[in-house]
Amino acid sequence: MDRSVIKLFDANAKDYDRQRRGLIPCFDDFYGMALSLVECGNSSPCILDLGAGTGLFSSMVLLKYPEARLTLMDLSDSMLQEARRRFHGATNVDYVTGDYSSYPFTQTYDAVVSSLSIHHLSHPEKRQLFATIHRLLNEGGIFVNADQVKGHTDQADVYYRRRWLEEIRASGLPEKAIQASIERRSLDINATAADQMQWMEEAGFEDVDCMYKYLDFAVFYGKKTGRTS
């Protein structure tokens, strides 16, 4: 992952959570759908959050599964420091500062989740990561990815950007926060929803679908079933 991305997130770690709702016009539906898809077969699942940042999505998952064992992974230690403050005293939350696109994972999980992170990878890195995630999952495990997507056409992308700017400016966010987000998004490497679903299927996931989409915000789901065609 581009090191310049890390610097931008380090610089905005303390304000990240406070600005999320303003910067994601569909915040409630986006995260609500992602959380609803995290369905594990036991009350104390092992869950890996890739690009966990401040632990925003993990905090929602932990409310749903308070006995879960969570591993939060992020390149930005400043972001994970905010997560450590959020989960202060929690003995069932672990933290890993590292690059999940090349990390030598040794554990398996009941679920792998991610939110607004994987779009920072190049397309070949995304495809490889999906294969890695499939390998990391236990049988019946699920992958839920709430992320940004590229439009089917260039015109769609122009429309997405115009709508996003209109909505975040109407949210009341200070201009400084808006400009910082625009700078971060200039480094995004979004892929289309169709491409991402295809890469997930190639990795071995079953029941793959885009379960929610609002402009360029989408939630993907896949399951490791062991079924044979």
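Residues numbered from 1 in each chain as written. Predicted model: local features only at pLDDT ≥ 70, side-chain atom pairs only at ≥ 80, totals over all residues. Heavy atoms only, no water.

1. A short note on the state of the cysteines
Two cysteines joined by a covalent bond between their sulfur atoms form a disulfide. Across all of its chains, the model carries 0 disulfides by this definition. The thiol of C40 is not disulfide-bonded; the next cysteine sulfur, from C46, is found 9.6 Å away. Here C40 falls in the buried class, since its relative accessible area comes to 16%. (Disulfide = S-S within 2.5 Å. Buried < 20%, exposed > 50% of the residue type's maximum accessible area, 1.4 Å probe, protein only.)

2. A few points about the pattern of salt bridges
Scanning the model with the defined rule gives 12 salt bridges in all. The residue D94 makes a salt bridge to R69 at a minimum N-O spacing of 3.4 Å. Taken together, the residues D94 in strand 3 (residues 93-97) and R69 in strand 2 (residues 69-74) connect sequence positions 25 residues apart. You can call D94 partly exposed: its relative accessible area is 34%. Linking R163 and E167 is a salt bridge whose minimum nitrogen-to-oxygen distance equals 3.2 Å. One end of the pair is R163 and the other is E167, both in helix 7 (residues 154-170) and 4 residues apart, which spans about a single turn. Owing to a relative accessible area of 22%, R163 belongs among the partly exposed residues under this scheme. On the accessibility criterion, E167 (24% relative accessible area) is partly exposed. Among the charged side chains, a network of salt bridges with common partners joins K150, D154 and D157. (Salt bridge = Lys/Arg side-chain N within 4 Å of Asp/Glu carboxyl O. Helix = DSSP H or I, 4+ residues; strand = E, 2+ residues; numbered from the N terminus.)

3. Considering the nonpolar core
Membership of the largest hydrophobic core comes to 40 residues, with the highest contact counts inside it found for F30, Y31, V38, I47 and V144. Once residues within four sequence positions are removed from consideration, V38 is found in contact with I47, F57, V61, K64, Y65, V113, I142 and V144. If you look at the next biggest cluster of nonpolar residues, it comprises 27 residues, including V96, A193, C210 and F220. (Core = buried A, V, L, I, M, F, W, Y, C linked by side-chain atoms within 4.5 Å. Contact = heavy atoms within 4.5 Å.)

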